[in-house]
Amino acid sequence: MKQIIEILAEAAIDGNRDAFGKLVAQHDPLVRGVVFRRVGDWDISEDLAQETLLAAHANTDQLRDSNAFAAWLCRIARNLSANWIRSEQYGGRPFVFRR
């Protein structure tokens, strides 16, 4: 029997905006928590969580397994957080390895 999350994720993949909105409402605290643990600042976490949800919405076609929606969303959040940390650490410049 399919879980409600899986049903909503499948509908979101098919372009159902209401389904995606319900998924966002349910997973928003998770995304904010993942981002905050990475960056340690609530204001920045709010911005990055919003960016995460926008990126997920724009890329729902890349979600392969509707059962893995939460993991997929957390991966986007971790990647955006890591990108932000790198940009801050290196003053917005890309890292260049030097020997």
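Above this text sits the structure in question.
K.L.:
Teacher, can you tell me more about the overall build of the protein chain here?
P.N.:
A count of helices and strands for the protein chain gives four helices and zero strands. Start at the N end of the protein chain and walk to the C end: the helices and strands fall as α-α-α-α. Taken over 99 residues, the protein chain has a buried fraction of 32%. Looking at the protein chain alone, contacts between residues at least 24 apart form 55% of all its contacts between residues at least 6 apart. For the protein chain, the exposed area adds up to about 6700 Å²; of that, 50% sits on carbon and sulfur atoms.

K.L.:
Explain the side chain of Thr60 to me, please; I cannot follow it from the model alone.
P.N.:
Tracing the chain through its elements places Thr60 in the loop between α3 (42–58) and α4 (69–89). Leaving out residues up to four positions away in the same chain, Thr60 has contacts with Ala12, Ile13, Phe20 and Trp72.

K.L.:
I would appreciate a short explanation of a positive patch on the surface in the present structure.
P.N.:
A contiguous patch of positive charge on the surface is contributed by Arg38, Arg75, Arg78 and Arg86. No other element matches the three residues that α4 contributes to the positive patch. Relative to the helices and strands, Arg38 resides in helix α2 (residues 17–39).

K.L.:
What is the right way to read the environment of Leu8 from this model?
P.N.:
Relative to the assigned elements, Leu8 resides in helix α1 (residues 4–13). Sequence separation between Leu8 and Lys22 is 14 residues; the distance between their C-alpha atoms is 7.6 Å. Setting aside its immediate chain neighbours within four residues, Leu8 contacts Ala19, Lys22 and Leu23.

K.L.:
Explanation requested: the pattern of salt bridges in the structure shown.
P.N.:
Side-chain pairs of opposite charge can arise whenever the charged atoms involved come near each other. This model, assessed by the stated rule, comprises two salt bridges. Salt-bridge contacts for Asp28 lead to Arg32; the nearest nitrogen and oxygen are separated by 2.7 Å. Taken together, the residues Asp28 and Arg32, both in helix α2 and four residues apart, mark about one turn of the helix. Residues Asp28 and Arg32 agree in their burial class; the two are buried. Put simply, Arg32 and Glu46 hold a salt bridge, and the shortest N to O gap is 2.5 Å. Residue Arg32 is located in helix α2, and its partner Glu46 is located in helix α3; the two are separated by 14 residues in the primary sequence.

Parameters and conventions
Residues numbered from 1 in each chain as written. Predicted model: local features only at pLDDT ≥ 70, side-chain atom pairs only at ≥ 80, totals over all residues. Heavy atoms only, no water. Helix = DSSP H or I, 4+ residues; strand = E, 2+ residues; numbered from the N terminus. Buried < 20%, exposed > 50% of the residue type's maximum accessible area, 1.4 Å probe, protein only. Contact = heavy atoms within 4.5 Å. Areas by Shrake-Rupley, 256 points an atom, 1.4 Å probe, with all protein chains shown as cover. Patch = residues over 30% accessible without salt bridge, like charges linked within 9 Å, V, L, I, M, F, W, Y side chains within 5 Å. Salt bridge = Lys/Arg side-chain N within 4 Å of Asp/Glu carboxyl O. Lys, Arg positive; Asp, Glu negative; His and termini not counted. Charge placed at Lys NZ, Arg CZ, Asp CG, Glu CD.

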